[in-house]
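Spelled out from the first residue to the last, the chains are:
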Amino acid sequence: MIETPSLVDQYCHGVLRTELGLGTFEAQLARTEGPPAPGTTLFDTQTGFAVRRWCPPLLGLEPHCPPAGYLARRRELGVLESGRRLLRGSGITTYLVDTGLPGDLTGPGELASTADAEAREIVRLELLAEQVADTSGTVESFLANLAESVHGAAASAVAFTSVAGVRHGLALAPEPPGPGEVRGAAGRWLAARRVGDELTDPVLLRHLLWIAVASGLPLQLHAGLGETGARVDRTDPVLLTDFVRATAGLGTDLVLLHAYPYHRHAAHLAGVFPHVYADSGAALVRTGARAATILAETLELAPFGKILFSSGGQRLPELHVVGARLFREALTQVLGTWVTEGAWSRPDAQRVATLIASGNARRVYGLE
C-alpha cells in the first residue's frame, strides 16, 4: 500500500460562503459557459460521478447517493458544517490559495480555520494590476504603484500566478518589453478602460510576468483547460518554450498549472528545464475514473521531483475533496502496479509518492 498521509495543495481557491440549490451547485461542477443542455445534468460527468463517490460518506451518506439526497443532507447540515466536514476529510494539510477569483469566497485564513489546516496566499498578477489601475490617475503613477504593489505582495505571498494564457494566449513574445513600449501600452489601456475592466493587453501581461520573475517567488502559469473561456489552442504550454528559456538561470521557478489535455507537454518542459515544474491537479478532477491514466502519462516524462499535487478546487469544498481523493487513488494504483510488476521497489514508490504529495511543494514554495 502506497501511503500519502499529508497533502500540500499547491493550487486552489476558497469556497463559497452561501448555500446552493441543485442548479447552482451543478453549475460549479464543470467550467462551462452556460447551463447544461436541456434534459441533461452536469452530475453526469466524470467530476459529478467523483463527487457522488467520495463526498457523501463525509456527510454521513452512502457513496453514489442521488444528487437530490446529497444536497438535501448538505442543506440540513448547513454550509459551514458541511464545508468543515468535507475539507477536514480531504487529507489536505496545507492549502496555497489563489485569491484572485471573483465571488464571495473564503480567504486563506478562513479556509485554514474551516479545514483545520495551514493556508498561504497566491497573488494573481492580473487582478493586482487591475486594482492598481482603478486607483491610479496617470501612467506614471500606475507603473510606479504596480511595481510597489508587486514588491509588497512578494513580502507575504508564497507565489504569484498569471492567467495570461486565458486573457491573451501563451504565445507571448518571450523578452521583457522596453520602458517605452510599457508606457505606451499602459497609456492606451488606462485611457480606454472603465473601473473593473480586465487586463488583456499583451505588452502589459508580459510586463507583469517579468516583474514577477524579478521578485524571485515561484510563478504559476495557467495552461490547458484550467479556466473558463480559455481557447485551448492558445494555452498549450509548449507555446511558453521561448519564455522558459529566457527565464532560465534567473532564480525563479515556473509552475505549469492544469495543462490538461497538454499534460504531457508540461511534463516534457519540466523534464528539460531545471526551473520548470508540472502540476498534476485539475486534470485528475476532470478525468475522474481515468485519473490514473493521466497521472501515469505525466510520470512518463517529468522527473519525479518536478511534479506537484493540487486539487484546483474552487467554490465547492467537494472539489477539494475530489481532487485529493482522486490523486491518492491514482497514485496508489499507478505506483502500486509498478511495484507489483517488479519495475519499482516499494521504498522508491513510497518516496516518490511523498515527494509528489507534499515534499516537492514544500521545497519549491519554501514551506516550513
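Criteria and thresholds
Residues numbered from 1 in each chain as written. Predicted model: local features only at pLDDT ≥ 70, side-chain atom pairs only at ≥ 80, totals over all residues. Heavy atoms only, no water. Core = buried A, V, L, I, M, F, W, Y, C linked by side-chain atoms within 4.5 Å. Buried < 20%, exposed > 50% of the residue type's maximum accessible area, 1.4 Å probe, protein only. Helix = DSSP H or I, 4+ residues; strand = E, 2+ residues; numbered from the N terminus. Contact = heavy atoms within 4.5 Å. 1 Å grid on protein atoms, 1.4 Å probe; cavity = no way out; pocket = protein on both sides within 12 Å on 5 of 7 lines; lining within 4 Å. Points joined across faces, edges and corners; volume = space filled by probe spheres on them. Nonpolar A, V, L, I, M, F, W, Y, C, P; charged D, E, K, R; others polar. Salt bridge = Lys/Arg side-chain N within 4 Å of Asp/Glu carboxyl O.

Participant: Got a minute to help me understand the nonpolar core in this structure?
Facilitator: By size, the foremost hydrophobic cluster in this structure holds 109 residues, and its most contacted members are Tyr95, Phe142, Phe160, Leu219, Phe243 and Leu335. The leading source of residues in this core is helix α15 (residues 317-340), at eleven residues. Once you skip the residues sitting within four places of it in the chain, Phe160 turns out to touch Ile122, Val123, Leu125, Val150, Ala153, Ala154, Ala212, Ser215, Leu217, Pro218, Leu219 and Gln220. Within the second largest apolar cluster, 14 residues are counted, among which are Leu96, Ala361, Val364 and Leu367.

Participant: Sorry if this is basic, but what is going on with the environment of Asp116 here?
Facilitator: Structurally, Asp116 is set in the loop between α5 (108-115) and β3 (118-124). What makes Asp116 exposed here is its relative accessible area of 60%. With 24 residues separating them along the chain, Asp116 and Ile92 place their C-alpha atoms 9.4 Å apart.

Participant: Help me understand the layout of surface pockets, please; the structure alone is not making it clear to me.
Facilitator: In this approach, a probe sized like a water molecule rolls over the atoms, and the result shows the empty space that is left. A volume near 260 Å³ is recorded for the second largest pocket. Every residue lining the second largest pocket is counted, 14 residues in all, and those nearest its centre are Trp54, Gly288, Ala289, Leu326 and Glu329. Within the residue set of the lining of the second largest pocket, elements represented by two or more residues are α2 (46-54), α14 (291-301) and α15. The element best represented in the lining of the second largest pocket is α2, accounting for five residues. Among the residues making up the lining of the second largest pocket, the classes are represented as eight nonpolar, four polar and two charged.

Participant: For this particular structure, what's the right way to read the pattern of salt bridges?
Facilitator: Side-chain pairing between opposite charges can occur once the charged atoms of the two side chains come close. If you walk through the whole model with that rule in mind, you get 17 salt bridges. For Glu110, the salt bridge goes to Arg17, with nearest N and O atoms at 2.8 Å. Pair noted here: Glu110 is in helix α5 and Arg17 is in the loop between β1 (7-12) and α1 (22-26), with a separation of 93 residues, a long-range link. Taking relative accessible area as the criterion, Arg17 reaches 34% and is therefore assigned partly exposed. One salt bridge in this structure joins Arg73 and Glu76, with 3.2 Å as the shortest N-O distance. Within this pair, Arg73 and its partner Glu76 are both found in helix α3 (residues 67-77), separated by three residues, close to a single helical turn. One salt-bridge network, in which partners are shared between bridges, spans Arg17, Asp104 and Glu110.

Participant: Quick question: what am I supposed to make of unusual backbone geometry here?
Facilitator: Peptide bonds are, in most cases, trans, and in most cases residues other than glycine have a negative phi. A cis amide bond links Tyr260 with the next residue in sequence, Pro261, at an omega value of 5 degrees. As for its placement among the helices and strands, Pro261 is situated in the loop between β6 (254-258) and α12 (263-272). Of note in the backbone geometry, His64 takes a positive phi value of approximately 70 degrees without being a glycine. Looking at the secondary structure, you find His64 in the loop between α2 and α3. With a phi angle near 55 degrees, Asp116 is a residue other than glycine that sits in the positive phi range.

Participant: Quick question: what am I supposed to make of empty space enclosed by the protein here?
Facilitator: For the structure on display, the rule yields three cavities of 30 Å³ or more. Put simply, the largest cavity is a space of about 50 Å³. As for the largest cavity, its lining consists of Leu170, Leu172, Ala173, Pro174, Arg206, Leu209, Leu239, Leu240 and Phe243. Considering only residue class, the lining of the largest cavity consists of eight nonpolar, no polar and one charged.

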